[in-house]
Amino acid sequence: MTLALSTRFRRLKTTPAIRALVQECVLSPSDLIWPMFVMEGENARTPVPSMPGVERLSIDLIVKAAREAEALRIPAICLFPYTDPALKTQGCEEAWSPENLSNRATRAICEAGINVAIMTDVALDPYNINGHDGIVRDGVIVNDESVEALVKMALAQAEAGADILGPSDMMDGRIGAIRSELEAQGFKDTAILSYAAKYASAYYGPFRDAVGASGALTGDKKTYQMNPANADEALRLVARDLDEGADMVMVKPGQPYLDICRAVKDQFGAPTFAYQVSGEYAMIMAAGQQGWIDDEACMLESLIGFKRAGCDGVLTYFAPRVAALLNG
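Below or above, wherever it landed, is the structure these notes cover.

What counts, and at which threshold
- Residues numbered from 1 in each chain as written.
- Predicted model: local features only at pLDDT ≥ 70, side-chain atom pairs only at ≥ 80, totals over all residues.
- Heavy atoms only, no water.
- Helix = DSSP H or I, 4+ residues; strand = E, 2+ residues; numbered from the N terminus.
- Expected span 1.5 Å × (residues − 1).
- Buried < 20%, exposed > 50% of the residue type's maximum accessible area, 1.4 Å probe, protein only.
- Contact = heavy atoms within 4.5 Å.
- 1 Å grid on protein atoms, 1.4 Å probe; cavity = no way out; pocket = protein on both sides within 12 Å on 5 of 7 lines; lining within 4 Å.
- Points joined across faces, edges and corners; volume = space filled by probe spheres on them.
- Nonpolar A, V, L, I, M, F, W, Y, C, P; charged D, E, K, R; others polar.

Here we look at helix 4 (residues 143–160)
Side chains three or four residues apart in an α-helix point the same way, a direct result of the helix having 3.6 residues per turn.
Thought 1: Between its terminal C-alpha atoms helix 4 stretches 26 Å, which fits the 26 Å expected from 18 residues at 1.5 Å a residue.
Thought 2: Turning to helix 4, its buried residues are Ser146, Val147, Ala149, Leu150, Val151, Met153, Ala154, Leu155, Ala156, Gln157, Ala158 and Ala160.
Thought 3: Considering only its buried residues, helix 4 is in contact with helix 3 (101–111), strand 5 (117–122), strand 8 (164–167) and helix 5 (174–184).
Thought 4: Phi turns positive, to about 115°, at glycine 161, one or two residues after helix 4.

This is the structure:
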């Protein structure tokens, strides 16, 4: 039997060259932001057991990793500190110390003249004895006092040389307050990548291990992070943060929320990012180590999914591995 088909979709799948010609989404190293964990010490590294292949690095090794990012054509890195528990307090004062780990690492990278953008995390959990992103009073995460602390933290990071500030705390009004202070203090070119739609997710566990917040956390973060069942709320939050002065917006976690990424990009057209969080990374790595999946293929497929959903870029722990593959 001969089929008379004028439309054969398989024609455009016949060879790698033709498939490449009609590919709709392209992943490149310039789509990546590499999250890094910084710790005290010299020439020191400590593996994060729940994140195979990820390590905490001392500042001198963070500088080397930033050089690696530059060589791999990764345009940005993001710093997260592993803070000495002795420095964690109710008031989170270490968060805005010029000499905290994040600020010292930022200055070291700047002084080394490395051509990467430095992004920092604006949230109190690495410095909070309670493990929360805001200040806790009588069991309640207080909003306005937390915002005052976050503004001081953001200003200290800008003074240290950060190019992009990433408020990930989800307190109300923090973007406007940070933007206003940056403008007032002359940091008009310091960009804000707001974690505008950050969900109260079960996927964050390995990250909390990496920054030492797991044991400190009391209760949960459901009074300030988003309900995973909500989508319309995410769009209202993005609209608010853009109105308050955010330059870019983030959806976090990533893969379970691709519908949110697509909706944000379609509605606002602003630079839209996703965070492929620690739990997403750990699942791919663990299944790959068991031989249940091809972790390299799944890594690439997951990142193409973000691009297809409208993301301009992705924070991912796979960044150096992916960039090396894409660079050939």
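Having seen it, we continue.
Re the environment of aspartate 133
Thought 1: Structurally, aspartate 133 is set in the loop between strand 5 and strand 6 (136–137).
Thought 2: Linking aspartate 133 and cysteine 110, residues 23 residues apart in sequence, is a C-alpha distance of 27 Å.
Thought 3: Sequence-distant contacts of aspartate 133, defined by excluding residues within four places in its chain, comprise Ala123, Leu124, Asp125, Ser168, Asp169, Met171, Lys198, Lys221, Tyr224 and Gln225.

Some remarks on empty space enclosed by the protein
Thought 1: Counted by the stated rule, this structure contains 1 cavity of 30 Å³ or more.
Thought 2: Of the pockets and cavities examined, the largest cavity occupies roughly 100 Å³.
Thought 3: Contributing to the lining of the largest cavity are Asp121, Ala123, Asp125, Asp133, Ser168, Lys198, Tyr204, Phe207, Arg208, Lys221, Gln225 and Lys252.
Thought 4: Partitioning the lining of the largest cavity into residue classes produces 3 nonpolar, 2 polar and 7 charged.

Describing the layout of surface pockets
Thought 1: In this structure, the largest pocket encloses a volume near 340 Å³.
Thought 2: Taken together, 20 residues make up the lining of the largest pocket; nearest its centre are Trp34, Gly53, Val54, Glu55 and Pro320.
Thought 3: Residue assignment for the lining of the largest pocket shows that the elements contributing at least two residues are strand 1 (32–39), strand 3 (55–58), helix 2 (59–71), helix 9 (278–289) and helix 11 (319–326).
Thought 4: Looking at side-chain class alone, the lining of the largest pocket contains 14 nonpolar, 1 polar and 5 charged residues.

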